[in-house]
Amino acid sequence: MANGINAGYLSLNEEIVLDRLPIKGTLPGWLAGSLLRNGPAKFELGPDTFRHWFDGFAMLHRFTLKDGQVSYANKFLQSEQYKISMEQGRIVFGQFATDPCKAIFKGTMTETDSVNANVSINKVAGDFVAMTETPLPIAFNPHTLETLGVVHYEDALQGHHGSAHPHYDFQRHMSVSYMTEFNMPSIFHVYAIPDHEHRRQEIGRYALMEPSYLHSFGLTEQYIVIVEFPYRVNPLNLLNSHKPFIENYEWRPQEPATFVIMRKSNGEVVGRYETEAFFAFHHVNAFEQAGEVVVDISAYDSPAVIQSLYLDQLRDRVEPATQSSARITGGELRRYHVPLGSAPVRYELLSHEAVELPTINYRRYNAGDYAVVYGVSTPEQRVAAFSSQLVRVDLHGALGSNTKIWGEEACYPGEPIFAEAPDARFEDDGVILSVVLDARVGRSFLLVLNAHTFEEIARAEVPHHIPLGFHGEFFPSIAIL
Ligand SMILES: [Fe+2]
């Protein structure tokens, strides 16, 4: 049995299907649909071990809720990388931080093989897909979790490093994303995929000599918001060095972070706006108001957080943290104001609690003014964990008293996902779903909170631990138990 803080980073090898999980509490009668989640679940194979949490082999998880019951299934994503590694009994491909990764630069890996897509779940052009930071996603069956294979698009766009976080434009009925084509110079492409068309249409592009490491971006009614952090790579180093992918990037705190604002309708870059260096994985939301673009983001002073997530460090951690190196600093929830003129960019802090894996009521409020952010974080006294509490931030409330918290001793929650109630009248009319590792017993459960009060409604218990994952999505349309 896996228990203790490190249980979240231990491999789960079993694939199971369970028709009914034991439930404590009572699920709302209206709650029907499936929470599909992705994340690393296998960290060792034969003589090899992945070095970084971000690298483990992808496992898909499905929690289906209907008529007050919950079913569960999990399956490894059958990527080529996974299958070939299993056949050979060792890890044979480079990942984010594990091995030299020249294949990314050469494009061979991204265009011909299916990669270990362990980061997110999205629905793109009608396909349910698992994604990582390579341009082509892997489709799977959302009911059975069977892998269907790489999605190939019928276009000539090329790139090497993409995003696991495409946006969906509800006005234009299309997915929007980006990819970097490494070259001298490199090209940053922004593109759309209309619903049910397996074709990427370039919205805009620009050249740059040293691309930044980006994980996500922002979308407003009229604009695409790209933040170039001063965490840059010379593409030649990706080809020539023997370092893992991310270790080729260089942090330059003396250089600015740059907000690039691109017009969605024609790809025109309407402005580049500089501010002091910072780093982020996750945009939260963005919208336009009174001549400025508002960009909410989970921000760090530097990318040191990546260093703190190597597996050897994570697995050694104990609570309480006994040394400063065991401390994980969470992202600050910041609101950047980007004036579309000559005024300087400025930001304000939106919560005193750290916020990571941020989510919102995406369907109704993405690209618009909104009031509620959900996320995970770690309080001062539990800094050894990446995530030891769930937070709900009321952006209309006063700083200092605007954050509600759910937490339980030795429990480590995953990304909170909002599921809207039928006939919802308010932004937070619904529930929050989060997969929580209970390290006291070495097992996980699906937690259901009232999204407004942040109080527990019910939990459904899984008979094993689920390694801490990254991202998922709730699909009301998938409700077959
Ligand atoms: Fe992410």
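None of the values given here were measured: they were computed from a predicted structure. (Residues numbered from 1 in each chain as written. Predicted model: local features only at pLDDT ≥ 70, side-chain atom pairs only at ≥ 80, totals over all residues. Heavy atoms only, no water.)

*Asks:* Would you take a moment to explain the side chain of Ser-186 for this structure?
*Replies:* Checked against the element boundaries, Ser-186 lands in strand E15 (residues 186-194). Taking the relative accessible area as the measure of exposure, Ser-186 reaches 0% and is therefore buried. A distance of 3.0 Å separates a polar atom in the side chain of Ser-186 from the backbone oxygen of Asn-183. Apart from the residues lying within four places of it in its own chain, the contact partners of Ser-186 are Thr-180, Glu-181, Tyr-206, Ala-207, Leu-208, Pro-211 and Pro-235. (Helix = DSSP H or I, 4+ residues; strand = E, 2+ residues; numbered from the N terminus. Buried < 20%, exposed > 50% of the residue type's maximum accessible area, 1.4 Å probe, protein only. Polar contact = N/O pair within 3.5 Å; in protein donor to acceptor, adjacent residues only side chain to side chain. Contact = heavy atoms within 4.5 Å.)

*Asks:* What is the right way to read the coordination of the iron ion from this model?
*Replies:* For a metal bound by four donors in tetrahedral geometry, the ideal donor-metal-donor angle is 109.5 degrees, whereas six donors in octahedral geometry ideally sit at 90 or 180 degrees. Taken together, the protein donors to the iron ion comprise His-165 (NE2), His-215 (NE2), His-282 (NE2) and His-471 (NE2), at separations of 2.1 Å. Coordination at the iron ion is irregular: its 4 donor atoms span angles of 91 to 161° at the metal. Residue His-282 is classed as buried on the basis of its relative accessible area, which comes to 8%. Judged by relative accessible area, His-471 falls into the buried class, the value being 6%. (Donors = N, O, S within 2.8 Å, 3.2 Å for Na, K, Ca; no water. Tetrahedral: all angles 85-135°; square planar, octahedral: opposite > 155°, others 65-115°.)

*Asks:* Can you help me understand the nonpolar core in this one?
*Replies:* Generally speaking, a soluble globular protein has its nonpolar side chains buried in company with each other. Core analysis: the biggest nonpolar cluster contains 88 residues, and Trp-53, Phe-259 and Phe-278 have the highest contact counts within it. Here Phe-259 is in contact with Val-225, Ile-226, Val-227, Gly-271, Arg-272, Tyr-273, Thr-275, Phe-278, Val-295, Tyr-336, Val-338 and Val-345, once residues within four sequence places are set aside. (Core = buried A, V, L, I, M, F, W, Y, C linked by side-chain atoms within 4.5 Å.)

*Asks:* Would you mind showing me how to read the packing of aromatic side chains here?
*Replies:* In this description, an aromatic ring pair is defined by two values, namely the gap between the centres and the angle between the planes. Per the counting criterion, the structure on display carries 34 aromatic pairs. The interplanar angle of 75° and the centroid separation of 5.0 Å between the aromatic rings of Phe-50 and Phe-57 together place this pair among those described as edge-to-face. When sorted by exposure, Phe-50 lands in the same class as Phe-57, which is buried. Seen in terms of ring centroids, Phe-279 and Tyr-300 are 6.5 Å apart; in terms of plane orientation they differ by 45°. Their pairing is tilted. Linking Phe-279 in strand E23 (residues 279-289) with Tyr-300 in strand E24 (residues 292-300), this pair joins segments that are 21 residues apart in sequence. A cation sits over an aromatic face here: Arg-200 above Tyr-191, 5.8 Å from the ring centre. Directly above the aromatic system of Tyr-347 lies the positively charged group of Arg-334, at a separation of 4.4 Å from the ring centroid. (Phe/Tyr/Trp six-rings, centres within 6.5 Å; stacked < 30°, edge-to-face > 60°. Lys NZ or Arg CZ within 6 Å of the ring centre and 35° of its normal.)

*Asks:* Help me out: how do you make sense of the sheet that holds strand E28 (residues 372-377) in this one?
*Replies:* Sheet strands pair by backbone hydrogen bonding; their relative direction is either parallel or antiparallel. As summarised here, the arrangement of the 4 strands in space is E27-E28-E29-E30, forming an open sheet in which the pairing is antiparallel. Each edge of the sheet is formed by a strand with only one pairing partner; in this case those strands are strand E27 (356-359) and strand E30 (403-406). Direction aside, the axes of adjacent strands within the sheet are offset by 20° on average. As paired strands, strand E29 (residues 389-394) and E30 are joined by 4 bridges and run antiparallel to one another. Looking at the pairing, Arg-392 lines up with Lys-404 of E30. (Pairing = 2+ DSSP bridges. Axes fitted to C-alpha atoms, helices over the stretch in contact; angles between N-to-C directions.)

*Asks:* How should I be thinking about the pairing of strand E8 (residues 120-124) in this particular structure?
*Replies:* Buried residues dominate E8, accounting for 4 of its 5 residues. As judged from the 5 bridges shared by E8 and strand E9 (residues 127-131), these two strands associate in the antiparallel manner. Across the sheet, residue Lys-123 finds its bridge partner in E9, namely Phe-128. Between E8 and E9, which follow one another and run antiparallel, lie 2 residues, and Ala-125 among them has a positive phi close to 50°.

*Asks:* Help me out: how do you make sense of the pairing of E15 in this one?
*Replies:* Most of E15 is tucked away: 9 of the 9 residues are buried. Every second residue of E15 is oriented toward a common face, with Ser-186, Phe-188, Val-190, Ala-192 and Pro-194 on one face and Ile-187, His-189, Tyr-191 and Ile-193 on the other, all of them buried. Of the pairings in the sheet, the one linking strand E14 (residues 174-181) to E15 comprises 8 bridges and is antiparallel in character. From the neighbouring strand, Met-174 faces E15, where its bridge partner is Pro-194. The loop that links E14 with its antiparallel partner E15 comprises 4 residues. A loop of 6 residues connects E15 with strand E16 (residues 201-208), the two strands running antiparallel in sequence, and His-196 in this loop sits at a positive phi of about 60°.

*Asks:* Just to check I follow, could you spell out the UniProt feature "binding site: Fe cation" (unreviewed entry) in the chain for this structure?
*Replies:* According to UniProt, the feature "binding site: Fe cation" (unreviewed entry) maps to His-165, His-215, His-282 and His-471 in the numbering used here. A maximum C-alpha distance of 12.7 Å among these annotated residues, which run over 307 residues, shows that they cluster at one spot. Along the chain, the position of His-282 falls in strand E23. Among all residues touching His-282, those that are not within four sequence positions of it are His-165, His-215, Ser-216, Ile-297, Ser-298, Glu-356, Leu-357, Pro-358 and His-471. Within the structure, the side chain of His-282 is placed 3.4 Å from the side chain of His-165, a separation counted as a polar contact. (UniProt positions renumbered as here; feature names shortened; annotations may be inferred.)

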